[in-house]
Amino acid sequence: MKTLVQFRSAQATYALPVEHVTEVRSSADMTPLPAPRPGVAGLVPRADGALTVLSVLGDAGDHVIVVEDDAMTFGLLVEEVTAVVRVEDDRIGPPPQGQRGGAVAGVIHEEGQLVLVLDAAALRGTLSA
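Worth saying up front: this structure is predicted, and the values here are computed from it rather than measured.

1. Looking at the nonpolar core
Line of reasoning, step 1. Phe7, Leu16, Ile65, Leu76 and Leu118 are the most contacted members of the largest nonpolar core, which has 19 residues in total.
Line of reasoning, step 2. Of all the secondary structure elements, the ones that give two or more residues to this core are strand E1 (2-8), strand E2 (13-17), strand E6 (63-69), strand E7 (72-78), strand E10 (104-110), strand E11 (113-118) and helix H1 (120-124).
Line of reasoning, step 3. Of the residues forming this core, the biggest block, three residues, is contributed by E7.
Line of reasoning, step 4. Residues contacting Ile65, with those up to four places away along its chain left out, are Phe7, Leu16, Val21, Glu23, Val24, Phe74, Gly75, Leu76, Val78 and Val81.

Put into structure tokens, the structure is as follows:
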């Protein structure tokens, strides 16, 4: 059984394992970078400095999901967080073919729609690609 934080972007519904999500915050205080690499939206302030926010799921969003993977913490720009759900492992299908970078680790068919389960390590790779 996996516990997932489910959220929306302009294009789809996604989920991340709850153990990688440390907080959800507003994107209102985000500062854009003048020359960001592709997939980087900007920075949000934190008590320990600035947090890089990825826009790999779309360029607009009202919220930032703070993601922690290994020793790196980063933000993910999303429209809204919709739920925290528990899903049986056998309900998560394999990663789809044809993607670059492996950001989608699995797919859940839920009430006529797809929920794409993201891989935090693959998202982290956006920062060093």
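Read on, since the account is not over.
2. Some words on the environment of Arg37
Line of reasoning, step 1. Note that Arg37 resides in the loop between strand E3 (21-26) and strand E4 (40-46).
Line of reasoning, step 2. Residue class for Arg37 comes out partly exposed when judged on its relative accessible area of 37%.
Line of reasoning, step 3. Sequence spacing of Arg37 and Thr126 is 89 residues, and the spatial spacing of their C-alpha atoms is 8.8 Å.

3. Overview of the pairing of E10
Line of reasoning, step 1. Burial runs high along E10: five of the seven residues are buried.
Line of reasoning, step 2. Direction of pairing for strand E9 (residues 92-93) relative to E10: antiparallel, over a ladder of two bridges. Bridge pairing in E10 places Ile92 opposite Ile108.
Line of reasoning, step 3. Between E10 and E11, which pair antiparallel and follow one another directly, the connecting turn spans two residues, one of which, Glu111, has a positive phi of 50°.

4. Quick look at the environment of Met72
Line of reasoning, step 1. As for its placement among the helices and strands, Met72 is situated in strand E7.
Line of reasoning, step 2. By relative accessible area, Met72 is classed as partly exposed at 34%.
Line of reasoning, step 3. Distance from Met72 to Ala121, taken between C-alpha atoms, is 9.5 Å for residues 49 residues apart in sequence.
Line of reasoning, step 4. With near-sequence residues (within four places) excluded, Met72 lies in contact with Val67, Arg124 and Leu127.

5. Brief notes about the pairing of E1
Line of reasoning, step 1. Judged from the seven bridges that link them, E1 and strand E8 (residues 80-87) form a sheet pairing that is antiparallel. Bridge assignment links Phe7 to a residue of E8, and that residue is Val81.
Line of reasoning, step 2. Hairpin connection of E1 to E2: four residues between the antiparallel strands.

6. A short note on the sheet that holds E11
Line of reasoning, step 1. Judged by pairing direction, the sheet is mixed, and its six strands sit side by side in the order E8-E1-E2-E11-E10-E9 without closing on themselves. For this open sheet the edge positions go to E8 and E9, each flanked by a neighbour on one side alone.
Line of reasoning, step 2. Pairing analysis gives three bridges linking E2 to E11, with the strands arranged parallel. Within E11, the residue paired with Thr13 across the bridge is Val115.

Criteria and thresholds
Residues numbered from 1 in each chain as written. Predicted model: local features only at pLDDT ≥ 70, side-chain atom pairs only at ≥ 80, totals over all residues. Heavy atoms only, no water. Core = buried A, V, L, I, M, F, W, Y, C linked by side-chain atoms within 4.5 Å. Buried < 20%, exposed > 50% of the residue type's maximum accessible area, 1.4 Å probe, protein only. Helix = DSSP H or I, 4+ residues; strand = E, 2+ residues; numbered from the N terminus. Contact = heavy atoms within 4.5 Å. Pairing = 2+ DSSP bridges.

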